[in-house]
Amino acid sequence: MKKIFFVAVLSLGSLTAFAQDGEEKAGEATQVAVTQDDFSEIETSNLPEAVATAVSTDYPSGTISKAYVNKQEQYKLEVTLEDGTTGTLYADKDGNWIEL
């Protein structure tokens, strides 16, 4: 009888050990804000010489397919490379690359 009682207590104890809640991790809430950029489309021929030179220097196989400008005279350029890869680059009026 002692053995049955001992086995019952042991099995009950082991079941409750698995039923315990683990530590809850406090998750950080991530908020994504979508802002509308203030770029307006311009002709690629209206780009400053410094911006066009920066593209031809750093991306010799690239062509500017579209160009945009904002009030701070920052330029958003859609560039296509010879292999068909496209990307968006940002530059200031002096031809320096910037990250937005």
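Check the entry above for the structure.
Below is a short write-up of the structure. This structure is a prediction, so every number in the text was calculated from the model and none was measured.

## Focus: the overall build of the protein chain
Scanning the protein chain from N- to C-terminus turns up two helices and four strands. When the helices and strands of the protein chain are listed from N to C terminus, the series reads α-β-α-β-β-β. Residue burial in the protein chain is summarised as follows: out of 100 residues, 18% are buried. Here the contacts in the protein chain between residues at least 6 apart in sequence split such that 39% fall between residues at least 24 apart. Of the roughly 8,400 Å² that the protein chain leaves accessible, carbon and sulfur atoms contribute 52%.

## Regarding the nonpolar core
Counting residues in each nonpolar core, the largest one holds ten residues, listed as Leu47, Val51, Val55, Ala67, Val69, Tyr75, Leu77, Val79, Leu89 and Ala91. Counting residues per element, this core draws most heavily on strand β3 (residues 74-80), which supplies three residues.

## Considering the sheet that holds strand β4 (residues 86-92)
Pairing is antiparallel in the open sheet, where four strands are placed in the order β1-β2-β3-β4. Both edges of this open sheet fall to β1 (40-42) and β4, since each of them pairs with a single strand only. Adjacent strand axes in the sheet meet at a mean angle of 30°, parallel and antiparallel pairs treated alike. Here β1 pairs with strand β2 (residues 63-69) via three bridges, running antiparallel. Looking at the pairing, Ser40 lines up with Val69 of β2.

## What about helix α2 (residues 49-58)?
Buried within α2 are the following residues: Val51, Ala54 and Val55. Each buried residue of α2 sits inside an arc of 95° when the element is viewed along its axis, so together they form one side. Summarising the geometry of α2, the exposed residues directed more than 90 degrees from the buried face are Glu49 and Thr57. Tucked into the core, α2 has its buried residues touching β2, β3 and β4.

Rules used throughout
- Residues numbered from 1 in each chain as written.
- Predicted model: local features only at pLDDT ≥ 70, side-chain atom pairs only at ≥ 80, totals over all residues.
- Heavy atoms only, no water.
- Helix = DSSP H or I, 4+ residues; strand = E, 2+ residues; numbered from the N terminus.
- Buried < 20%, exposed > 50% of the residue type's maximum accessible area, 1.4 Å probe, protein only.
- Contact = heavy atoms within 4.5 Å.
- Areas by Shrake-Rupley, 256 points an atom, 1.4 Å probe, with all protein chains shown as cover.
- Core = buried A, V, L, I, M, F, W, Y, C linked by side-chain atoms within 4.5 Å.
- Pairing = 2+ DSSP bridges.
- Axes fitted to C-alpha atoms, helices over the stretch in contact; angles between N-to-C directions.
- Arc of directions from axis to C-beta.

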